[in-house]
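# Coordinate analysis (summary)
Now for the letters of each chain:
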Amino acid sequence: MIKPWEGAMTPFRIYGDVYFVGTVPASAHLIDTGEGLILLDTGYPHTLYLVLEGIRRLGFDPFDLKILLLSHGHYDHLGAAKALREYTGVKTYIGAPDVPYADGTLDLTWARELGYVYNEAFTPDVPLHDGDAITLGRISIRCISTPGHTPGCMSYFFENAGKRFGMHGGVGVNSMAQDFLMRYGLSFDCRQEFLEGLERVRKEPVDILLGNHVGNNDEQTRYLRLIAGDADAFVDPTAWGRFLDRSRDRLLAQIESEK
Ligand SMILES: [Zn+2]
């Protein structure tokens, strides 16, 4: 388990009004809507101070946060949501099926598997459903349900500065592995739902992929290109399809390995 500061990353502008404020273990993205800030995921509870510091280093005020959109109900993405809401008053949004994860009704936040205890239960302000749209200032975000990794995994799509941004709600095979599903008595249907979800979002045109983990989109390599002067380092319309293919292949390999 690395110490929070060992996973620190320099915050930076990805493109347009979209910024990276996360850490190596878990991404967090900031969107400046002109009428307040949107945060996509919080990361772990113990790295919240790094996210807040990142927001300030970019010249923004955490107290301008209006909307916290959570990709799904796992500890590494929503772990700091309760603290952030109490501190800033931000409204919290999550895919409806993951509300019982967030509020502690179900012990499925993956906290134990990650070596922690989930002591951050909170009731999300807004449960999201497939097809919902969230508008703030110049940003309008479309929500597409992509269950599998968790039942409430929500993918987000929006346009800004002439580019189309996309983030998948969660692709890790860990929570679709046989031993995990059996340990918690969960249905194996999540695997088929995951594959169907990948197909559903495949037709979305995405110029800039936002990963909810560093590595989903070669963030560190692209960051080096960006600071070397390539303003389009994150613009790559082929990255989305490749990412979805990789995610599908990982699950298929996992299933194959269990035979
Ligand atoms: Zn997860």
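It should be noted that the structure appears before, not after, this text.
In this text the structure is predicted, and so the values were computed from the model without any measurement. (Residues numbered from 1 in each chain as written. Predicted model: local features only at pLDDT ≥ 70, side-chain atom pairs only at ≥ 80, totals over all residues. Heavy atoms only, no water.)

### Details of the coordination of the zinc ion
H72 (NE2), H74 (ND1) and H149 (NE2) make up the full set of protein donors to the zinc ion, lying at 2.1 Å. Judged by its relative accessible area of 3%, H74 falls in the buried class. (Donors = N, O, S within 2.8 Å, 3.2 Å for Na, K, Ca; no water. Buried < 20%, exposed > 50% of the residue type's maximum accessible area, 1.4 Å probe, protein only.)

### So, the pairing of strand β9 (residues 139-145)
With 5 of its 7 residues buried, β9 lies for the most part within the structure. Of the strand pairs in this sheet, strand β8 (residues 133-136) and β9 are connected by 4 bridges, and their pairing is antiparallel. Residue pairing across strands places T135 opposite S140, the latter belonging to β9. Counted along the chain from β8 to the antiparallel partner β9, the turn is 2 residues long, and its residue G137 has a positive phi close to 55°. Strand direction decides the pairing type here: β9 and strand β10 (residues 154-160), joined by 4 bridges, are antiparallel. Among the inter-strand pairings, R142 is bridged to a residue of β10, identified as F157. (Helix = DSSP H or I, 4+ residues; strand = E, 2+ residues; numbered from the N terminus. Pairing = 2+ DSSP bridges.)

### As for the pairing of strand β3 (residues 29-32)
Here β3 shows two buried faces, one formed by H29 and I31 and the other by L30 and D32. In terms of strand pairing, strand β2 (residues 18-20) meets β3 through 3 bridges, oriented antiparallel. From the neighbouring strand, Y19 faces β3, where its bridge partner is L30. Two elements, β3 and strand β4 (residues 37-40), share 4 bridges in a ladder whose sense is antiparallel. Its bridge partner being in β4, L30 is matched across the sheet by L39. Linking β3 to β4, which pair antiparallel, is a turn of 4 residues; within it G34 sits at a positive phi near 85°.

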